[in-house]
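One-letter residues, chain by chain:
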Amino acid sequence: MEETVGISRRFGVFRMSAREGLHILRRWPVVPVVILTTFVVAGIFAPLIAPHSPYEQNLEASRTPPAWYAKGSAKYLLGTDYVGRDVLSRLIHGARVSMLVMAISMGSGLLVGSTLGVIAGYCGGWSEEILMRLADVWWSLPFLLVALVAAVVLGQSFGLVLGILALSAWSAFVRNVRAEVLSLKTRDYVALAHVAGASHVRTMLRHIVPGVTNTIVVIATLQVGGLILAEASLSFLGVGIPAPRPAWGLMVAEGRDYLVDSWWIPFFPGLAIFLVVMSLNFLGDWLRDRLDPRLRQL
Amino acid sequence: MQGFIVRRLFTAMVAALAATMVVFGISRLAGDPLLLYAKPGGYGKSPEQTAALKNKLGLDRPLVVQYVIWLRNLGRGDFGRSLLDDRQVAQVLRERTSATLKLALGAWVFATVVGVPLGVLSAVKRATVPDYLGRGFALFGQALPAFWIGMMAILVFAVKLHLLPSATLPSDAPLLNQIKYLILPAIAAGWGPAAGLTRLTRSAMLETLDSEFIKFARCKGVSSWKVVWKHAFRNALIPPLTMSALMLAGFLNGVVVVEVVFAWPGIGRLALDAVWNNDFPLLTGTVLGFAGLILIVTFLADVAYAYIDPRIRYR
């Protein structure tokens, strides 16, 4: 008797904590944050974590299956690619490439787009008209194809990919930031700032910009997943990040010819892209619901 | 309505012009543009041919004049000749368009057939298992790269299970047999849009189901099926439809990648072949053709939605 009570109590405690755990999982984006933290840590400390160099070839061990296969080796946990480079090490270094894309392309797109958005919303008139039309037209250009042309003419390079992606990122910011500024502009405190003698620049920087920060953060998080997918597509097509550098999209492309008997070469980089983009999208949704529910339509 | 069409047409024209400017601008960024048309010692152009080409492109004239000449040629449907086999680019493009349209249509059908009902179901059965499935699909689908889905689908369904063909579309096969070849590529290309559509339909349905007239219809005793499909669905349809114009452009981009994975004989594959062969006239022709296709499709979609929802016309 005593033992059953003990068990049921123990299970009762267990059930409580499980429910609490579920509650926390629902309320906070725990899983995406864990995935993204792993991703960021892997990106920053890549040379320290990775067991091998991402460029080191070992033709004798080419296309070694992952460690849990009979033919696999503990030396290469996720197997090796067609020239015997360690897939895990290339994945870890690939995180660095994706992070650079996120930071530089998104950063510059965000800066330019938000600035133009604030200017368009605050100044109005012809500058608004021109900027909005420009954003409309820009939005409808097929960037993947423009990137193809650029890659042929200018030659493939890391900088080119960053530039093309930055060029494609800014227009979403203009549109949404402007809409937000339009409503902030009519607030009393902005008028009061004018009465107090604040210049236009000061009003924009001190009174408008803090009001649109939430919008900018939300848009950036929602957009950055798409940016990573775009970079992966470019690299997959062979016009993105040039060859030996370990970009995830490129790794998938390199594994294409060996798909049938070495599935791990394209599988893991694709999985990494999927996990990171999904976490970013999830985090974006969560941030939007928290910070700026009006953007729901996005 | 007419005002809207004119305004929208104007935007489309400006966008088309911008696309030509971007392509032209890029092509003139790299030193001598003649090198893009004839590599020295490359494709065996004689000095006379090179001179004739130089004259035709007007390379000795100012940049603006060059652009106008190039644009005039484009307007006449003269996209130049492919460097590899010296055929008219416009001709090659015309041959490849139908395969791309088939794939795009297949993917579009898949996205609609899966996305819309799943979105409605997810909204109606809010916070139950179907809703979690729908939301999970929306979240997963938008994060999966199309090329990766395509490759994994080939691995599972074509290589391991031998259910469907992985390879390219035989153009001489009867239409019914072609469908078999279309399934995997269409799903790979349509997966992302289907997820987006699920998400949009769900949020639009939730909003509509929450409104007063739905509650009134329920109070009146209208059957739940009728409330969902007749009262709510028709009103909720507008945001997904409007957004899908924008989605469509991104979706045609995805078609390029899928065509490469499945060796599909369409425009996207053509563009990439042109990249690998350094065939610059073919590449610019393809890119402009594709851009034109995207602009036309989005324009038609926008007009159709403005016709459905009068509020859009006055934005």
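Residues numbered from 1 in each chain as written. Chains lettered and ligands numbered in written order. Predicted model: local features only at pLDDT ≥ 70, side-chain atom pairs only at ≥ 80, totals over all residues. Heavy atoms only, no water.

## Overview of the overall build of chain A
Across its full length, chain A carries 11 helices and zero strands. In terms of overall dimensions, chain A has a C-alpha envelope of 75 × 75 × 30 Å along the principal axes. With 298 residues in all, chain A has 50% of them scored as buried. The contacts of chain A with a sequence gap of at least 6 include a subset with a gap of at least 24, amounting to 73%. For chain A, the exposed area adds up to about 14300 Å²; of that, 66% sits on carbon and sulfur atoms. (Helix = DSSP H or I, 4+ residues; strand = E, 2+ residues; numbered from the N terminus. Buried < 20%, exposed > 50% of the residue type's maximum accessible area, 1.4 Å probe, protein only. Contact = heavy atoms within 4.5 Å. Areas by Shrake-Rupley, 256 points an atom, 1.4 Å probe, with all protein chains shown as cover.)

## Focus: the overall build of chain B
The secondary structure content of chain B amounts to 14 helices and zero strands. The linear arrangement of helices and strands in chain B, starting from the amino end, is α-α-α-α-α-α-α-α-α-α-α-α-α-α. Across chain B, every contact between residues at least 6 apart in sequence was considered, and the portion connecting residues at least 24 apart equals 72%. Surface exposure of chain B reaches about 15500 Å², of which carbon and sulfur atoms provide 66%.

## A short note on the nonpolar core
Among soluble globular proteins, nonpolar side chains are generally buried collectively. By size, the foremost hydrophobic cluster in this structure holds 130 residues, and its most contacted members are A:Leu148, A:Phe236, A:Leu237, A:Trp248, B:Phe147 and B:Leu283. The residues that make up this core include at least three from each of domain 1 (31–78) and domain 2 (95–314) of chain B. If near-sequence neighbours (up to four positions away) are discounted, A:Phe236 is found in contact with A:Gly249, A:Leu250, A:Val252, A:Ala253, A:Arg256, B:Phe147, B:Met151, B:Val257, B:Val260 and B:Val261. Counting 16 residues, the second-largest nonpolar core is a separate cluster that includes B:Ala204, B:Val222, B:Val227 and B:Ala236. (Core = buried A, V, L, I, M, F, W, Y, C linked by side-chain atoms within 4.5 Å. Domains from an automatic or database assignment.)

## Quick word on the interface of chain B and chain A
Contact residues are listed per partner, giving 48 residues for chain B and 44 residues for chain A. Of the roughly 4200 Å² buried at the junction of chain B and chain A (both faces included), carbon and sulfur atoms supply 79%. At the junction of chain B and chain A, the tally comes to one salt bridge. A salt bridge links A:Asp285 to B:Arg199; the nearest nitrogen and oxygen atoms lie 2.8 Å apart. Viewed at the interface, chain A and chain B are joined by five residue pairs in polar contact (both at pLDDT 80 or more). For the side of chain B that touches chain A, the secondary structure elements donating two or more residues are helix 1 (2–27), helix 6 (129–143), helix 7 (146–160), helix 8 (175–209), helix 11 (238–261), helix 12 (267–276) and helix 13 (280–308) of chain B. Residue classes in the side of chain B that touches chain A are distributed as 40 nonpolar, five polar and three charged. (Buried area = accessible area lost by both parts, 1.4 Å probe. Salt bridge = Lys/Arg side-chain N within 4 Å of Asp/Glu carboxyl O. Polar contact = N/O pair within 3.5 Å; in protein donor to acceptor, adjacent residues only side chain to side chain. Nonpolar A, V, L, I, M, F, W, Y, C, P; charged D, E, K, R; others polar.)

## Comments concerning the environment of B:Leu295
All names here are of chain B. Its location among the elements puts Leu295 in helix 13. Using a relative accessible area of 10% as the deciding quantity, one classes Leu295 as buried. Expressed as a C-alpha distance, the spacing of Leu295 and Met13, which sit 282 residues apart in the sequence, is 8.7 Å.

## Things to note about the environment of A:Thr221
All names here are of chain A. With respect to the helices and strands, the residue Thr221 is situated in helix 9 (residues 200–237). With 58 residues separating them in the primary sequence, Thr221 and Ser279 have C-alpha atoms 10.0 Å apart. Contact partners of Thr221, with chain neighbours within four places excluded, come to Leu280, Leu283, Gly284 and Leu287.

## Let's talk about the packing of aromatic side chains
Taken as a whole and judged by the stated rule, the model has 14 aromatic pairs over all chains. Considering the side-chain rings of A:Trp263 and A:Trp264, the 6.1 Å spacing of their centres and the 80 degrees angle between planes classify their relative orientation as edge-to-face. Given the relative accessible area of 21%, A:Trp263 is considered partly exposed. Taking relative accessible area as the criterion, A:Trp264 reaches 4% and is therefore assigned buried. Both rings, one in B:Trp229 and one in B:Phe233, keep their centres 5.0 Å apart while their planes meet at 65 degrees; by these two values the pair is edge-to-face. Placement of the pair is B:Trp229 and B:Phe233 together in helix 10 (residues 224–236), with a separation of four residues, close to one helical turn. On the accessibility criterion, B:Phe233 (15% relative accessible area) is buried. Within the aromatic cluster, the residues linked to one another by ring pairs are A:Trp263, A:Trp264, A:Phe267, A:Phe268 and B:Trp148. The cationic tip of A:Arg290 hangs over the ring face of A:Trp28; the distance from NZ or CZ to the ring centre is 5.1 Å. (Phe/Tyr/Trp six-rings, centres within 6.5 Å; stacked < 30°, edge-to-face > 60°. Lys NZ or Arg CZ within 6 Å of the ring centre and 35° of its normal.)

## Focus on the confidence of the model for chain B
All names here are of chain B. When pLDDT is averaged along chain B, the result is 78; 82% of the residues meet or exceed 70. For chain B, helix 14 (residues 310–313) is the element with the lowest average pLDDT, namely 63, and helix 9 (residues 212–220) is the one with the highest, namely 86. Model confidence for the complex: the whole-complex pTM is 0.81, and ipTM, which rates the interface, is 0.79. (pLDDT = per-residue confidence, 0-100.)

## Considering a nonpolar patch on the surface
Residues and elements named next belong to chain A. Taken together, the side chains of Leu22, Ile24, Leu25, Trp28, Val30, Val31 and Val34 make up a nonpolar region of the molecular surface, amounting to roughly 600 Å² of accessible area. Elements that contribute at least two residues to the nonpolar patch include exactly helix 1 (2–27) and helix 2 (30–44). As for its placement among the helices and strands, Val30 is situated in helix 2. The exposure class assigned to Val30 is partly exposed, which follows from its relative accessible area of 32%. (Patch = residues over 30% accessible without salt bridge, like charges linked within 9 Å, V, L, I, M, F, W, Y side chains within 5 Å.)

## Some thoughts on helix 5 (residues 89–124) of chain B
Between its first and last C-alpha, helix 5 of chain B extends 51 Å over 36 residues, near the 52 Å set by a 1.5 Å rise per residue. Where helix 5 of chain B bends most, at B:Arg96, the angle is about 35 degrees. (Expected span 1.5 Å × (residues − 1). Bend = angle between axes of the 7 residues up to and from the residue.)

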